[in-house]
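# A closer look at the structure
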Amino acid sequence: ENGEQYYPTANYPETFKQFSTSTKTAYYLAGAFLYNYERPKSPNADDRGNRAEKWLAYLQQYVGTETNPDEHPNSDPDIAYNNADWQGDNRPLTTSEIQHNAKIVWKFFREHGWSRNAICAILANMERLCLVNPYKMEEYYPEAGSFYEDYGRYPAFGLVQWSPFHKFSDWAGD
């Protein structure tokens, strides 16, 4: 299992594997991810559950429902998830760019066996952290060095705002 950052809690006892394949509501799973992965200081965290439900409603236009997966009137089957298809850079994205990137996230995780509701929980987290922008640097700083000079630490970066981003970029090789 993950062992790095996701830890089951009393309120959300699912392991990471159980979370990723769960059919519990998107609302519930957004809370599970928030409290088991991010572990916020405030117990009254934001509305990620509502955001997850919103993503589920939006994406069902393209992928149908769990009970009728072939019902997808606005199907967009050509969306791939390679880097060339991500939209955006280190700036706020438009709604259509956010939605495009969300479809890439959806396709990637579905192909890796994740449930619809778990994906929407992750999307709610990505929306809250970076508006589903894989290129976002914390506070939209132009580059890491200036952020470090201002804050004394390296900024978070990417879809789940890896912090400090240089640990991820060193590991990824770029």
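Since the structure is predicted, the reported quantities are computational estimates derived from the model, not experimental observations.

About the criteria used
Residues numbered from 1 in each chain as written. Predicted model: local features only at pLDDT ≥ 70, side-chain atom pairs only at ≥ 80, totals over all residues. Heavy atoms only, no water. Core = buried A, V, L, I, M, F, W, Y, C linked by side-chain atoms within 4.5 Å. Buried < 20%, exposed > 50% of the residue type's maximum accessible area, 1.4 Å probe, protein only. Helix = DSSP H or I, 4+ residues; strand = E, 2+ residues; numbered from the N terminus. Contact = heavy atoms within 4.5 Å. Axes fitted to C-alpha atoms, helices over the stretch in contact; angles between N-to-C directions. Parallel < 35°, antiparallel > 145°, perpendicular 65-115°, else oblique. Left-handed = near helix turned anticlockwise from the far one by under 90°. Nonpolar A, V, L, I, M, F, W, Y, C, P; charged D, E, K, R; others polar. Polar contact = N/O pair within 3.5 Å; in protein donor to acceptor, adjacent residues only side chain to side chain. Phe/Tyr/Trp six-rings, centres within 6.5 Å; stacked < 30°, edge-to-face > 60°. pLDDT = per-residue confidence, 0-100. Expected span 1.5 Å × (residues − 1).

Attention shifts here to the nonpolar core. Phe19, Trp55, Val105, Cys120, Leu123, Met126 and Val132 are the most contacted members of the largest nonpolar core, which totals 36 residues. At the level of secondary structure, the elements contributing two or more residues to this core comprise helix H2 (26-38), helix H3 (48-63), helix H4 (95-111) and helix H5 (116-130). At nine residues, H5 tops the list of elements feeding residues into this core. Discounting chain neighbours no more than four positions away, the residues touching Val105 are Trp86, Ile119, Leu123, Met126 and Val132.

Axis angle and axis distance: for two packed helices, these are the angle between their axes and the distance between the axes, and together they describe the pair. Where H3 meets H5, the closest approach of the two axes is 8 Å, and the angle between their N-to-C directions is 120°. For the element pair H3 / H5, the angle class is oblique. Crossing of H3 over H5 shows right-handed handedness. Residues Arg48, Arg51, Ala52, Lys54, Trp55, Leu56, Leu59, Gln60 and Val63 of H3 form the contact with H5, whose participating residues are Arg116, Asn117, Cys120, Ala121, Leu123, Ala124, Asn125, Glu127 and Arg128. Looking at the contact of H3 with H5 residue by residue, the class counts come to nine nonpolar, three polar and six charged.

A few words on the side chain of Asn36. Looking at the element boundaries, Asn36 is found in helix H2. Overall, the relative accessible area of 0% leaves Asn36 in the buried class. Of the polar contacts made by the side chain of Asn36, one reaches the side chain of Tyr6; its length is 3.2 Å. Not counting residues within four places of it along the chain, the set of residues in contact with Asn36 comprises Gln5, Tyr6, Tyr7, Pro8, Thr9, Tyr12 and Glu14.

Both trends apply: most residues other than glycine have a negative phi, and most peptide bonds are in trans. Even without being a glycine, Leu131 presents a positive backbone phi close to 55°. Here the phi dihedral of Val132 falls at roughly 55°; this positive angle occurs in a residue that is not glycine. The topology assignment puts Val132 in the loop between H5 and helix H6 (144-151). Exposure remark for Val132: the relative accessible area of 0% places this residue in the buried category.

What follows deals with the packing of aromatic side chains. According to the stated counting rule, one finds 12 aromatic pairs in the structure shown. Ring geometry for Phe19 and Trp114: centres 5.8 Å apart, planes at 90°, overall edge-to-face. Within this pair, whereas Phe19 is found in helix H1 (residues 16-21), its partner Trp114 is found in the loop between H4 and H5, the two being separated by 95 residues in sequence. Of the two residues, Phe19 and Trp114, both sit in the buried class. Ring geometry for Phe108 versus Phe109: centroids 5.2 Å apart, planes at 90°, classification edge-to-face.

What follows deals with the environment of Tyr62. Relative to the elements of secondary structure, Tyr62 occurs in helix H3. As for Tyr62 and Lys103, which are separated by 41 residues in sequence, their C-alpha atoms are 8.8 Å apart.

For the rest of this paragraph, the subject is the confidence of the model for the protein. Chain-level pLDDT for the protein is 77 on average; 64% of the residues reach the 70-or-more range. The weakest mean pLDDT in the protein belongs to helix H7 (residues 165-172) at 59; the strongest belongs to H1 at 94. Counting interchain partners and residues more than four positions distant, the pLDDT-below-50 stretch residues 69-78 has 18 contacts.

With 17 residues, H4 should cover 24 Å at 1.5 Å per step; its first-to-last C-alpha distance of 24 Å lies within 8% of that length. Of the positions making up H4, those classed as buried are Glu97, Ile98, Asn101, Ala102, Lys103, Ile104, Val105, Trp106 and Phe109. For H4, the elements touching its buried residues are H3 and H5. Following H4 by one or two positions, Gly113 adopts a phi angle in the positive range, close to 85°.

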